[in-house]
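Architecture at a glance
Each chain is listed here by its residues.
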Amino acid sequence: MLSDRELEQYSRQLMLPDFRLEYQERLRASWVLVVGCGGLGSPLAIYLAAAGVGRLILADGDTVERTNLHRQILHGEADIGRSKAASAAALIGAHYPDCRVSQFTEKLQGEALNQAVASVNLVADGTDNYPTRFALNRACIRARKPLVSAAAARSEGQLATFDVAGGGACYRCLYPQEGANAALSCRDNGVLGPVVGVLGTLQALEVIKVLTGWGDSLRSRVLMMDLRSYEQNIVQIARRPDCPDCGDLD
Amino acid sequence: MKILFFARLRELLGSDCFEIADADCPADVAALRAMLRLSVNAQLAESLADPNVFCAVNQKVAGEDQTLKSSDEVAFFPPMTGG
């Protein structure tokens, strides 16, 4: 049951004719692991907290740098040198006290990664490199947890949901080749702040869709956007039987 | 047969599509990649050699062995990891 205060706080989303009370209750009961508290993770985490997600685990091993500030909007001038996860957790905790926020200020990997993934309902990937993305994918396959994955650089972005427990494809079904550190990164290729902002915001919307069942999610589909021209495409991704990461699942 | 390119691949091509005569339609995606790599500039050819640059046929991600016919809508998309 939602309290009167919660009914008031979330009234504008509950006003949607097909956004049911039980969806709001589902959000409140949900735990989401947000990996990466940068350009994507900033709008992602704050929109999830604002929407009423009950618990967020924020993970980022990096510290805030001046070059982050034009796009990583959870962090400000006073946060330079501070852990991104700690900075993000402090701001979200102050704005949305109903959301229980915990933080990993070290790089989330190995058994800590597996435990964190196992403890949540969904994982949202807003990281900036292939090794972390492949590791998250494998942890999500192992724990049978949905992975909402976004990426952005320059004027371009991608968003997809990988849900092998639901019979869908995994990240490696789309990107088979491990080895490289990064494809297109903000550090090497630049990015406009609102581009990662749009993708991180869409990622929050996708997380809400997957957690509640509201709307049409991007399960086994990838949305590609070029915000220079506003062109977008959605293509379907099938599970690859020879995928080294999910190919041996039942 | 029109081969579409998205985002930075399009910039590398300098055009949004590459045309192949229907009679020259390659047998499958791998053959298409090989044909394109011989026909485009070195930078785009290098990108097309990356298996993570994925090909969609009729809005579905296609494996390298997927067969092609001249009426298919074929597009290439670049990977990205930034966040």
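Below is a summary of the structure that appears in this document.

Definitions and limits used
Counting of residues starts from 1 at the beginning of each chain's written sequence and follows it residue by residue. Going through the entries in the order they are written, you letter the chains from A and number the ligands from 1. Residue-level local features of this predicted model are given only where pLDDT is at least 70; pairs of side-chain atoms are given and counted only at 80 or more, and the full residue set underlies all totals for whole chains, interfaces and linings. Hydrogens and water are ignored here; the side-chain numbers use all heavy atoms of the structure. Two kinds of site are reported from a 1 Å grid over the protein atoms alone, namely cavities, where a 1.4 Å probe fits but cannot get out, and pockets, open sets with protein on both sides within 12 Å along at least five of seven lines, and residues are called lining when an atom falls within 4 Å of a point. Grid points are joined across faces, edges and corners, and a volume is the space filled by probe spheres set on the points. Secondary structure elements follow DSSP: runs of H or I of four or more residues count as helices, runs of E of two or more count as strands, with numbering from the N terminus. Three classes are used, and their members are as follows: Ala, Val, Leu, Ile, Met, Phe, Trp, Tyr, Cys and Pro are nonpolar, Asp, Glu, Lys and Arg are charged, and the others, Gly among them, are polar.

1. Topic: the layout of surface pockets
- Considered as a void within the structure, the largest pocket measures approximately 690 Å³ in volume.
- Every residue lining the largest pocket is counted, 33 residues in all, and those nearest its centre are A:Asp62, A:Lys84, A:Asp128, A:Asn129 and A:Arg187.
- With three residues, helix α9 (residues 186–189) of chain A is the single largest residue contributor to the lining of the largest pocket.
- The residue makeup of the lining of the largest pocket, split by class, is six nonpolar, 17 polar and 10 charged.
- Empty space within the second largest pocket amounts to approximately 390 Å³.
- Every residue lining the second largest pocket is counted, 22 residues in all, and those nearest its centre are A:Cys173, A:Arg240, B:Ala62, B:Gly63 and B:Glu64.
- Of all the secondary structure elements, the ones that give two or more residues to the lining of the second largest pocket are α8 (171–174) of chain A together with β3 (54–57) and β4 (60–62) of chain B.

2. A short note on empty space enclosed by the protein
Residue and element names in this part refer to chain A.
- A complete count under the given rule lists one cavity of 30 Å³ or more for this structure.
- For the largest cavity, the calculated volume is near 70 Å³.
- If you go around the largest cavity, you meet 13 residues; those closest to its centre are Ser 149, Gln 158, Ala 160, Tyr 171 and Tyr 175.
- Of all the secondary structure elements, the ones that give two or more residues to the lining of the largest cavity are β5 (147–153), β6 (156–162) and α8.

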